[in-house]
Amino acid sequence: MPSMTTKRNPPKRSNPKPKPKRRNPWIFILLGAVIALGAVVTVVRATSSSPTTPAATIQPLAGVDTAATGTTVDGIQCQSSEQVLFHVHSHLAVYVNGVQRSIPEGIGVAPPRQTQQQADGTPFVVSGSCFYWLHSHTADGIIHVESPVQRTYTLGNWFDIWGQPLSATQVGPARGTVIAYVDGQRFTGNPRDIPLGDHTLIQLDVGSDVAPQGFTFPPGL
């Protein structure tokens, strides 16, 4: 009889796993560069749109040569020492046609004035022949209200001591429509009537409307 042979099927070969595709590293490098460029553009736009001027280049709105030198102004006296029974601080910022102007140091401090240099190199008025109850030691816009009586003082009182005009059409020597903000809110009355409260933020825009800018009082004020 012919021999019977059993046919065996050849073993199945397992399909080899496909090799993972290598990702081009330049894609990630390019993506990172695009993201970084977008961040830089955003910062540049934000900086260029801000109306705030570097402190070293801010021009004063007016000097102190017109300021009162000892005579009583609006019932506010000039005394040999600072009064602290009523003691608050306000801040004034002024923009003329979108450009920031500084408020000089020494308003309300009668000459001869003595100054000292602060750590940042800016002057600080330490003394004078007398101090009005409203005065400024620095050129950063801080108004010191240091009074022997508690009463409401106004921005008009401050400009009167400074010897500069203030109205709905003029701030110091700058003329034009005046837009006033108090603590970020539009003030629709006479800017002379703006009260000087504790940490009140006052902004006057002459000739153009500048969005209200923030300010941080130094520690201790």
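These notes cover the structure that comes with them. (Residues numbered from 1 in each chain as written. Predicted model: local features only at pLDDT ≥ 70, side-chain atom pairs only at ≥ 80, totals over all residues. Heavy atoms only, no water.)

1. As for the overall build of the protein chain
Under the convention used in this document: Helix and strand definitions here come from DSSP, where helices need a minimum of 4 consecutive H or I residues and strands a minimum of 2 consecutive E residues; each element is numbered from the N-terminal end. By definition in these notes, contact holds between two residues if any of their heavy atoms fall within 4.5 Å. Only the protein chains shown count as cover for residues, with accessible areas throughout obtained via the Shrake-Rupley method and a probe of 1.4 Å.
Each helix and strand counted, the protein chain has two helices and 15 strands in total. For the protein chain, contacts bridging at least 24 residues in sequence account for 66% of all contacts bridging at least 6. Just so you have it, the protein chain exposes about 13,900 Å², and 57% of that area is on carbon and sulfur atoms.

2. A short note on unusual backbone geometry
Between proline 111 and the following residue, proline 112, the backbone shows a cis peptide bond with an omega angle of 0 degrees. In the Ramachandran plot, aspartate 74 falls in the positive-phi region, its phi being about 55 degrees despite a non-glycine side chain. Mapped onto the secondary structure, aspartate 74 falls in the loop between strand S1 (59–60) and strand S2 (78–79).

3. Describing the state of the cysteines
Basically, it comes down to this: Cysteine sulfur atoms that come within 2.5 Å of each other are treated as a disulfide pair.
Here the structure, examined in full by the defined rule, presents one disulfide. Between the sulfur atoms of cysteine 78 and its disulfide partner cysteine 130 the distance amounts to 2.0 Å. Handedness of the cysteine 78-cysteine 130 disulfide follows from its S-S torsion of about 100 degrees: it is right-handed. You can see cysteine 78 sitting in strand S2 and its partner cysteine 130 sitting in strand S8 (residues 130–132), a full 52 residues away along the chain.

4. A look at the pattern of salt bridges
Just so we agree on the cut-off: Salt bridge criterion: a side-chain nitrogen from Lys or Arg within 4 Å of a carboxyl oxygen from Asp or Glu. Burial classification: accessible surface area is computed with a 1.4 Å probe over protein chains only, and a residue below 20% of its type maximum counts as buried, one above 50% as exposed, and the rest as partly exposed.
In the structure shown here, the tally under the stated rule is one salt bridge. A salt bridge links aspartate 160 to arginine 192; its shortest N-O distance comes to 2.9 Å. With aspartate 160 in helix H2 (residues 155–162) and arginine 192 in the loop between strand S14 (185–187) and strand S15 (201–206), the pair connects residues that are 32 residues apart, well separated along the chain. By relative accessible area, arginine 192 is classed as partly exposed at 25%.

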